[in-house]
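Each chain, written out:
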Amino acid sequence: MALDVRRLAKTDAAARKGFERQCWPGGRTPCPRCGQEKAYALAEGRVRCASCRYTFHVLTGRFAGLAGLSPRQWLRLLDLFAAEETAHAMAAALGVAYNTAYKAATLIRLAILAGSFDGLVILRGPLGRELGFSGKTLRPVSADAPLARVPVFGILERGDMVFVDYLPDMTPEDILHFNLHFSLPLSRLGAIVFSDRYQRYQTLVTCGAEVLTRRFVEVAGRIPAVAPRQEGFWPYARDRLVRFHGVTARRFPLYLKELEFRYNNRNVDILPILLSNICAFVPNLE
């Protein structure tokens, strides 16, 4: 049974117990280091592994343990994130610094990415390092820092589900080639460039590619603009990307995978799922 996250956020004690139930179901306390579940209690909520003697607490080794927030702060922030509030609004509501709220929101997005179909493939490759993820740490990488290689994604819809596929073998130069030599229509949303249908994908999309200048995108009389679709994932995502007020190329993959998650769970309460995501162990990518 899913936890009632909003009720748990009412007190510090309830929030702490809620995290323990989520992270240590049935009283099991898996060690983040060796995986053994036999441990004994120490003071202040810490436990020690009976096998490797590692001392840890409920958030050790988990996404939620990287932000410096208390369990109650995490639950309140997750509720705000689920409601699509900004990092500024989260910081004001929790009484924390903007950078703290922004880092926590980034961790939520990384946890969403890690739980997606191709998340571990992305995190274990060069794009994962570009996103600031290395091993079990989140490195402070400026959102405005240039990418060594701008990623391309393909959007594939099947029924009520969408799959945002990272295409590691495709580059913005390939999109330009398809545009110039195969008349693939392109359109622009700020720094985001998206295409008309390409093979099995409804849309190819990338962000921050300098090669895809306005000279090649939406050129009147030569390349027709992409016909706007009124339903499906891309119109849903396009409207929400505008709200992020200037998506950078470095953060674009995280926002795009977040929107994939929201779209595929649009008919359910995502709050318990978000809690499960941030309580997951950070994958070992070393």
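Residues numbered from 1 in each chain as written. Predicted model: local features only at pLDDT ≥ 70, side-chain atom pairs only at ≥ 80, totals over all residues. Heavy atoms only, no water.

Chemist: Give me the lowdown on the overall build of the protein, citing residues and values where you can.
Modeler: Helices and strands together make up the secondary structure of the protein, namely 11 helices and 10 strands. Here the protein, with 286 residues, has 50% of them falling under the buried criterion. When contacts within the protein are restricted to residue pairs at least 6 apart in sequence, those whose partners lie at least 24 apart make up 61%. Surface accessibility of the protein: about 14,200 Å² in total, with carbon and sulfur atoms responsible for 51%. (Helix = DSSP H or I, 4+ residues; strand = E, 2+ residues; numbered from the N terminus. Buried < 20%, exposed > 50% of the residue type's maximum accessible area, 1.4 Å probe, protein only. Contact = heavy atoms within 4.5 Å. Areas by Shrake-Rupley, 256 points an atom, 1.4 Å probe, with all protein chains shown as cover.)

Chemist: I'd like a rundown of the pattern of salt bridges, residues and numbers included.
Modeler: Tallied over the entire structure, the rule returns 12 salt bridges. For R6, the salt bridge goes to D79, with nearest N and O atoms at 3.2 Å. Pair noted here: R6 is in helix α1 (residues 5–8) and D79 is in helix α3 (residues 71–82), with a separation of 73 residues, a long-range link. Owing to a relative accessible area of 27%, D79 belongs among the partly exposed residues under this scheme. Linking K17 and E20 is a salt bridge whose minimum nitrogen-to-oxygen distance equals 4.0 Å. In this pair, K17 and E20 are both assigned in helix α2 (residues 12–23), three residues apart and thus about one turn of the helix distant. Since its relative accessible area comes to 23%, E20 is described here as partly exposed. Residues participating in the shared-partner salt-bridge network are R6, D79 and D269. (Salt bridge = Lys/Arg side-chain N within 4 Å of Asp/Glu carboxyl O.)

Chemist: Which residues make up the sheet that holds strand β10 (residues 203–207), and what values go with them?
Modeler: Read across the open sheet, the five strands follow the order β7-β6-β10-β9-β8; overall the sheet is antiparallel. Of all strands in the sheet, those bounded by a partner on one side alone are β7 (161–166) and β8 (186–189). Ignoring which end each strand starts from, the neighbouring axes of this sheet average 25 degrees apart. Across the sheet, helix α8 (residues 172–182) lies against β6 (152–158), β8 and β10, angled at about 130 degrees from β10, the strand it touches most. Together, β6, β7, β9 (192–195) and β10 form the strand contacts of helix α10 (residues 252–264), whose direction differs from that of β7 by roughly 160 degrees. (Pairing = 2+ DSSP bridges. Axes fitted to C-alpha atoms, helices over the stretch in contact; angles between N-to-C directions.)

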